[in-house]
Amino acid sequence: MSNQTFFTVHGTIYLVFALALFFLPTQIWPMYGLEINDKYANFLSQHTSIFLGGLAAVSLFLRKVSDKDAVGQLLKALIVTNLLGAVITIYAGIVGIFVGFGWSDPAFFLILTILSSLQLKRHNI
């Protein structure tokens, strides 16, 4: 897949989650076994959207970058980010914070880590 397509897909995925956690936290989090029961928990969900939206913006705004070194560094940053997401959400599953649909978060982050790694390898960056 071209880098532009990869970064568009990656950014769109993060954008969808950012918007969902900002506008629909009380509908989204219970699927993961979490409860939004006050204004502070609601704000933390919206606060998380800052980072998810930021990752979306980086992927989408830089999708047309063609400099091999820049693309390589961007893919490495996405690998680290997604791997960190996988580790944290696996931990949440192990300690029982994430239940129900919570298994999907580690799978999501691991898939994006693998896809980012394959993209890096495929383009010999």
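Below, the structure is looked at part by part. (Residues numbered from 1 in each chain as written. Predicted model: local features only at pLDDT ≥ 70, side-chain atom pairs only at ≥ 80, totals over all residues. Heavy atoms only, no water.)

Another point: helix H5 (residues 104-122). Between its terminal C-alpha atoms H5 stretches 26 Å, which fits the 27 Å expected from 19 residues at 1.5 Å a residue. Those residues of H5 that sit buried are Ser104, Asp105, Pro106, Phe108, Phe109, Leu112, Thr113, Ser116, Gln119 and Leu120. Each element contacted by the buried residues of H5 is listed here: helix H1 (3-23) and helix H4 (68-94). Directly after H5, the chain includes Asn124, whose backbone phi takes a positive value near 50°. (Helix = DSSP H or I, 4+ residues; strand = E, 2+ residues; numbered from the N terminus. Expected span 1.5 Å × (residues − 1). Buried < 20%, exposed > 50% of the residue type's maximum accessible area, 1.4 Å probe, protein only. Contact = heavy atoms within 4.5 Å.)

At a minimum axis distance of 8 Å, the contact between H1 and helix H3 (residues 39-61) shows a crossing angle of 160°. By the angle between their axes, H1 is roughly antiparallel relative to H3. Taken as a pair, H1 and H3 cross one another with a handedness that is left-handed. Judged by residue contacts, Phe7, Thr8, His10, Gly11, Thr12, Tyr14, Leu15, Phe17, Ala18, Leu21 and Phe22 of H1 engage Ser45, Gln46, Thr48, Ser49, Leu52, Gly53, Leu55, Ala56, Ser59 and Leu60 from H3. (Axes fitted to C-alpha atoms, helices over the stretch in contact; angles between N-to-C directions. Parallel < 35°, antiparallel > 145°, perpendicular 65-115°, else oblique. Left-handed = near helix turned anticlockwise from the far one by under 90°.)

This part covers the nonpolar core. Residues Phe7, Tyr14, Trp29, Leu75 and Leu78 are the most contacted members of the largest nonpolar core, which totals 26 residues. Listed by contribution, the elements that provide at least two residues to this core are H1, H3, H4 and H5. For this core, the leading source of residues is H4, giving seven residues. With residues up to four places along the chain from it excluded, the contact list for Leu78 reads Phe6, Phe7, His10, Leu55, Ser59 and Ser116. (Core = buried A, V, L, I, M, F, W, Y, C linked by side-chain atoms within 4.5 Å.)

Taken together, the side chains of Leu83, Val87, Ile90, Tyr91, Ile94, Val95, Ile97 and Leu110 present a nonpolar region at the surface, about 740 Å² in accessible area. Broken down by element, the residue count for the nonpolar patch peaks at five residues, all from H4. With respect to the helices and strands, Val95 occurs in the loop between H4 and H5. The class for Val95 is partly exposed, based on a relative accessible area of 42%. (Patch = residues over 30% accessible without salt bridge, like charges linked within 9 Å, V, L, I, M, F, W, Y side chains within 5 Å. Areas by Shrake-Rupley, 256 points an atom, 1.4 Å probe, with all protein chains shown as cover. Salt bridge = Lys/Arg side-chain N within 4 Å of Asp/Glu carboxyl O.)

As far as function goes, none of this settles anything; it's purely spatial.
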